[in-house]
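So the chains spell out like this:
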Amino acid sequence: MLLISTLSFATTTLAHPPQDMTLTYDLGTTTLNVTITHESPAPTVHYIETVEIKLNDVLIDTYEYTSQPTNDVFTYSYTVTGSIGDVIEVTSICNIQGSVTRTITINDPSQDDPPIVEIKNPVKGYFHYSGIR
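Residues numbered from 1 in each chain as written. Predicted model: local features only at pLDDT ≥ 70, side-chain atom pairs only at ≥ 80, totals over all residues. Heavy atoms only, no water.

What follows concerns the pattern of salt bridges. Should their charged atoms come close, side chains of opposite charge can pair. A complete count under the given rule lists two salt bridges for this structure. For the salt bridge of Asp20 with Arg102, the shortest nitrogen-to-oxygen distance reads 3.1 Å. Highlighted residues: Asp20 in strand β1 (residues 20-26) and Arg102 in strand β7 (residues 99-105), separated in sequence by 82 residues. According to the relative accessible area criterion, Arg102 is partly exposed, its value standing at 31%. One salt bridge in this structure joins Lys54 and Glu89, with 3.8 Å as the shortest N-O distance. (Salt bridge = Lys/Arg side-chain N within 4 Å of Asp/Glu carboxyl O. Helix = DSSP H or I, 4+ residues; strand = E, 2+ residues; numbered from the N terminus. Buried < 20%, exposed > 50% of the residue type's maximum accessible area, 1.4 Å probe, protein only.)

The next point concerns the environment of Val45. With respect to the helices and strands, Val45 occurs in the loop between β2 (31-37) and β3 (48-55). In this structure Val45 comes out as exposed when scored by relative accessible area, which is 54%. Val45 has contacts with Asn95 and Ile96, leaving out every residue within four places of it along the chain. (Contact = heavy atoms within 4.5 Å.)

This paragraph deals with the sheet that holds strand β4 (residues 58-64). With antiparallel pairing, four strands are arranged side by side in an open sheet as β4-β3-β6-β7. Each edge of the open sheet is held by one strand with a lone partner, namely β4 and β7. Neighbour-to-neighbour, the strand axes of this sheet turn through a mean angle of 15°, independent of strand direction. Here seven bridges tie β3 to strand β6 (residues 87-94), and the two strands are oriented antiparallel to one another. Each residue of the ladder has a partner; that of Leu55, found in β6, is Ile88. (Pairing = 2+ DSSP bridges. Axes fitted to C-alpha atoms, helices over the stretch in contact; angles between N-to-C directions.)

A few words now on the sheet that holds β2. Strand order in the open sheet made by the three strands is β1-β2-β5, with antiparallel pairing throughout. Each edge of the sheet is formed by a strand with only one pairing partner; in this case those strands are β1 and β5 (73-79). On average, each strand axis in the sheet is tilted by 20° relative to the strand beside it, whichever way the strands run. In the sheet, β2 pairs with β5 via seven bridges, with the strands oriented antiparallel. Of the residues in β5, the one forming a bridge with Thr35 is Thr75.

The next subject is the confidence of the model for the protein. When pLDDT is averaged along the protein, the result is 84; 73% of the residues meet or exceed 70. Between residues 2-13, whose pLDDT stays under 50, and residues either more than four places distant or in other chains, the model counts two contacts. (pLDDT = per-residue confidence, 0-100.)

This is the structure:
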């Protein structure tokens, strides 16, 4: 009995929810990349078991796993057909304890580029005083 309770306690203390998760979405390829940080010394015993994907609060898919690909950080890619303004919510669930949920709003890729700024005055290499070069 002592051995069973010790092993159970050890498993519980080593178990933890995913530490972090980041989402990226490519509108052109309709690809959702989910990067999960879940440190585990034994990724076939303690792993991310389930990934749930919702689009605009509607569950569209659930993926079940029996291990995780690495001991710490890994990325899964999924095809999710969405439109500009849609909200994707992803929940990753540890097989032993806890979960993490993140959302991303699909943006217009042309709006992601920063504006181009060109300085007209002062001209490079010149000193300006009251608009006079």
